[in-house]
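# Structural overview for review
Take a look at the letters that make up each chain.
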Amino acid sequence: MRTPFRCLSSWRRLALRPVPRRLLVAFLASAVLLPAASFNWPVPQPRLVSTFADNSIDHFQPGIELGGRQPVYPAAEGEIVFTCREGEGYSSFPRGIGSAVVLQHEGGIQSVYAHLETESMRVDDPLVRTPAEGDPPLAFSGDTGAAVGQGLLFMLIDLEEGEFLNPIKHDKPLLYPPLESGKSNRGPVVGRLFLKRGGILEELTDGSRAAAGEGELLAEIYALSTFSAFLRKTAPYRIYLAKNGQAAASIAFESLREQDGRLVVADSSLGFADLFEDAWLYRLGSIALVEGKIELQIKAESHDGSESERIIDLTVASE
Amino acid sequence: MSARRATLKRRKAKGGVLVPVALVVLIVILFPVSLGRELTARPVWAIDLREVQVPYLDPEPLETVGFRLGDRIGYAALDGQLKLLQRVIYGAALSDGGFINFSRIPGSLVLQNPDGELVRSFSQCGYPAFDESGDRLFVFYTDATGLKEITLEGQELWRIEFPSVITSFHSNGSRRLIGLANGGLALIDSSGAVLHRTTPDGSRVPVILGCSVGSSGGRIAAVSGIGPQKAVIFRIRGDELKEERSIELASSYRREVFGRFSHDEQLLYFEQPGGIGVLDVPSGGIDLLPMEGTLTGFCELGDRRIVLLISEQKGRSVLRGYCRIGHLLFEETLAEGPSVIRTLESGILLGAGGRLMRIDVAEG
């Protein structure tokens, strides 16, 4: 039988769960409609399991993870500049990215595709074009390297600015089409709020009393990824804090820039250790509590545009 | 009369040649002079790793050497007794003093000694690697965007993060060199401070494909760029980083390639199509040590100016020995299976076909 996906038919045999053709057609059509300055999703079914600047235990993850085993296509026309295959060839250090490809695009942007399935990599031709119907994928997403399950780690790098870009910025997404609101996340959740003074965490709840003085405000904020066998916490896109209606802190995870040997959130210059108290507790900065009533408003926005907020009224009394 | 005179002359001439020749032969026999030294390779022992059931355990501490042969790591005492043989879980950081056999998603790293005893475990989520001396331990971020150095007690000494993906790394003495996919090279000292940053230019696409830092720390090198690809050497003088050599190569690799300075920093070895390129740093001349297939093992007998290469093609591994100016000294097909080669103080440790051999190399 004649199929428009002749090149893909052999890949299908490799696939554990073949991608439905209608999704593939829609995905490839989206590449044609792609705005000039954008990139298309590297997989037909983008299922976000981890977001940009997620907590990687001791550093920011400078990319996003898309779950499942799927064909991986170039995000735009470009040139393969670096490849590595898990367990093959010379390697001077252990690579947690497993089998991976780095593409260079016009405009000084590089895209990175990691945890690929080694046997499915097709990287003989260094020049890759925006995927069209019938084009074979670069590879299938896999579980090589330090992958938690099958998936793709995707990173975008702005070489001119020297920073990792967030491909799923809420207000100006780089990947087309943008995430549909509320489809990729449950949340965001603004959880517990703490004041840290003298190394001691004191939970702040609505209507509670607190002693006057200065302390560090910590907030539990996350979204829940809806694609996974189990729920996964993902980082929010933006965090906003106001005290008595006045803006006190704002952090947006638009890009990570290198500063003095550390990757910092570009709009705040906060590094990983500055921002994370522990796995999901964000440091929002120091706050002065003076006697009287104080209203704290914490707002979180996720990558697909959904947002939530929590308002806490505190009564501050002298010690 | 005239005929007799002629005969006498002839006799005199013969005697005039023979006597000095006989004298020279006599002197050589009586007082022999060495015309040059020859290398001899002497197999000392061999262990068949496929037959060893119970590794040898000696109550006395022995000097051991670590090795990785395919999916196995182990330690052998220099007297030829196997101390440990263990299957690699996912990856292994190996030094002569200990090892870390780690899983795909490591939550903690477990340091063991050559007897397999637990030394320490520390909470780290990256992939570990020892430097060549075995004294320093690095942990690489699993997304390849940073690394840190930790002490063998697990204390973090420093960390560094990059706005790109690390493609290549080399540590030598107190210097570490990091090559990046954005074409950048970063040289850092033992405290993690960046001494120099540079991006070799002159290529259409900047990318670092291999890097090496010399033993003195005074030179760094890289195989960099696409269109054209180059071997670049920088000389470090104080705060200054100066390009010393930049040679266009015929290759257009888009993967990591092997690159290493010779012990005396006079040569740079680097992977090339068809062999290992040798760049003579002082003169800029290039030679090729021919090789078929993929490089799987490299070692340099520094003092003896010999380079040993193992290459693999279609499952066939070949060991070649070159004097470093490019003459093939020997070529030997190795038994099937993974292979390993490394230097020992007295010679080399060679593993192939499930066997491990110590071969001493001496001059005589």
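Residues numbered from 1 in each chain as written. Chains lettered and ligands numbered in written order. Predicted model: local features only at pLDDT ≥ 70, side-chain atom pairs only at ≥ 80, totals over all residues.

## Quick notes on the overall build of chain B
On a plain count of helices and strands, chain B comes out with one helix and 31 strands. Counting the 364 residues in chain B, one finds 41% classified as buried. In chain B, 40% of the contacts between residues at least 6 apart in sequence involve partners at least 24 apart. (Helix = DSSP H or I, 4+ residues; strand = E, 2+ residues; numbered from the N terminus. Buried ≥ 20, exposed ≤ 12 C-beta atoms within 10 Å, placed from the backbone. Contact = placed C-beta atoms within 7 Å.)

## Notes on the overall build of chain A
A tally of helices and strands in chain A yields three helices and 28 strands. Split into buried and exposed, the 319 residues of chain A put 47% on the buried side. The contacts of chain A with a sequence gap of at least 6 include a subset with a gap of at least 24, amounting to 67%.

## Considerations on the interface of chain B and chain A
Taken together, the contact between chain B and chain A spans 37 residues of the former and 40 residues of the latter. Those elements giving two or more residues to the side of chain B that touches chain A turn out to be β9 (127-130), β12 (156-161), β13 (166-172), β17 (205-213) and β25 (294-301) of chain B. A total of four residues in the side of chain B that touches chain A trace back to one element, the largest contributor, which is β13(B). Its residues assigned to classes, the side of chain B that touches chain A comprises 20 nonpolar, 11 polar and six charged. (Nonpolar A, V, L, I, M, F, W, Y, C, P; charged D, E, K, R; others polar.)

## What about the sheet that holds strand β19 (residues 229-237) of chain B?
Residues and elements named next belong to chain B. On the basis of which strands lie adjacent, the open sheet formed by four strands has the order β17-β18-β19-β20 and antiparallel pairing. In this open sheet, the two strands that pair with only one neighbour each are β17 and β20 (240-249). Averaged over all pairs of adjacent strands, the angle between strand axes in this sheet comes to 25°, irrespective of strand direction. (Pairing = 2+ DSSP bridges. Axes fitted to C-alpha atoms, helices over the stretch in contact; angles between N-to-C directions.)

## Some thoughts on the sheet that holds strand β16 (residues 194-198) of chain B
Residue and element names in this part refer to chain B. Spatially, the four strands line up as an open sheet ordered β13-β14-β15-β16, and their pairing is antiparallel. The open sheet terminates on both sides in strands that have one partner only, identified here as β13 and β16. Sheet twist, expressed as the mean angle between neighbouring strand axes with direction ignored, is 15°. Pairing of strand β14 (residues 175-180) with strand β15 (residues 185-188) involves four bridges; the strand directions are antiparallel. In the sheet register, L177 faces β15, and the bridge partner there is L187.

## Considerations on the domain arrangement of chain A
By convention, interface size is frequently given as the accessible area that disappears when the constituent parts associate. Residue and element names in this part refer to chain A. Structurally, chain A comprises domain 1 (6-176) and domain 2 (185-317). Elements that contribute at least two residues to the side of domain 1 that touches domain 2 include exactly β2 (48-50), β3 (54-55) and β13 (163-165). Its residues assigned to classes, the side of domain 1 that touches domain 2 comprises nine nonpolar, eight polar and five charged. (Domains from an automatic or database assignment.)

## Considerations on the environment of D313(A)
Residue and element names in this part refer to chain A. Mapped onto the fold, D313 is located in strand β28 (residues 307-317). Among the residues examined, D313 registers 13 C-beta atoms within 10 Å and is labelled partly exposed. When the C-alpha positions of D313 and E295 are compared, they lie 4.6 Å apart, and in sequence the two are 18 residues distant. Leaving out residues up to four positions away in the same chain, D313 has contacts with D206, G207, K293 and E295.

## Considerations on the nonpolar core
With 161 residues, the main nonpolar core has Y113(A) and L268(B) as its most contacted residues. Sequence-distant contacts of L268(B), that is, excluding residues within four places in its chain, are made with S212(B), A221(B), A231(B), I233(B), G259(B), F261(B), L279(B) and V281(B). (Core = buried A, V, L, I, M, F, W, Y, C linked by C-beta atoms within 7 Å.)

## Re the pairing of strand β26 (residues 281-289) of chain A
Residue and element names in this part refer to chain A. Bridging between strand β18 (residues 213-225) and β26 involves eight bridges; their strand directions are antiparallel. Opposite E216, over in β26, you have S286 as the bridge partner. The pairing of strand β25 (residues 276-278) with β26 spans two bridges and is classified as antiparallel. Following the sheet pairing, D278 is matched in β26 by L281.

## A few points about the confidence of the model for chain A
Residues and elements named next belong to chain A. Here chain A averages 86 in pLDDT, while 87% of its residues score no lower than 70. Ignoring residues within four places in sequence, the model shows residues 1-19, a span with pLDDT below 50, making 25 contacts including any to other chains. For residues 31-37, every residue scores under 50 in pLDDT, and the model assigns this stretch seven contacts once sequence neighbours within four places are set aside. (pLDDT = per-residue confidence, 0-100.)

## A closer look at the environment of D280(B)
Residues and elements named next belong to chain B. Residue position: D280 is located in strand β23 (residues 275-280). Classification of D280 by C-beta neighbours within 10 Å gives partly exposed; the count is 16. In sequence terms D280 and L111 are 169 residues apart; their C-alpha atoms lie 40 Å from each other. If sequence neighbours within four positions are ignored, D280 has contacts with Q266, L267 and G285.

## What about unusual backbone geometry?
The amide bond that connects Y176(A) to the next residue, P177(A), takes the cis arrangement and shows omega of -5°. With respect to the helices and strands, P177(A) occurs in the loop between β14 (175-176) and β15 (185-197). The omega torsion across G227(B) and P228(B) is -10°, close enough to zero to call that bond cis. Considering the arrangement of structural elements, one finds P228(B) in the loop between β18 (219-226) and β19. Even without a glycine there, the phi angle at A144(B) is positive, about 60°. Position of A144(B) among the secondary structure elements: in the loop between β10 (137-140) and β11 (146-150). A tally of 31 C-beta atoms within 10 Å means that A144(B) is categorised as buried. A positive phi is found at E265(B), a non-glycine position, where the angle reads about 65°. Structurally, E265(B) can be placed in the loop between β21 (259-261) and β22 (267-272).

## Points about the confidence of the model for chain B
Close inspection of predicted coordinates is inappropriate for parts of the model with low pLDDT. All names here are of chain B. A residue-level look at chain B finds 89% of positions with pLDDT of 70 or above and a mean pLDDT of 89. Looking across chain B, the model is least confident in helix α1 (residues 2-30), with a mean pLDDT of 61, and most confident in β18, with 98. Note that pLDDT drops below 50 for residues 1-11; the model gives that stretch zero contacts with residues more than four away or on any other chain. Quick note on the complex model: pTM equals 0.88, ipTM equals 0.87.

## Some thoughts on the pairing of β28(A)
A regular strand carries its side chains on alternate faces of the sheet. Residues and elements named next belong to chain A. Sheet analysis places strand β17 (residues 209-211) next to β28, joined by three bridges and oriented parallel. Each bridged residue has a counterpart across the sheet, and for A210 the counterpart in β28 is V316. Looking at chain direction, strand β27 (residues 292-301) and β28 are connected through 10 bridges and run antiparallel. By the bridge assignment, Q297 is partnered in β28 with I311. Count of turn residues in the β27/β28 antiparallel hairpin: five residues, of which G305 carries a positive phi of about 95°.

## Brief notes about the environment of Q313(B)
Residues and elements named next belong to chain B. With respect to the element layout, Q313 can be found in strand β26 (residues 306-313). In this structure, the C-alpha to C-alpha distance between Q313 and E292, residues 21 residues apart in sequence, is 6.6 Å. Other than its neighbours up to four places away in sequence, Q313 contacts E292 and G293.

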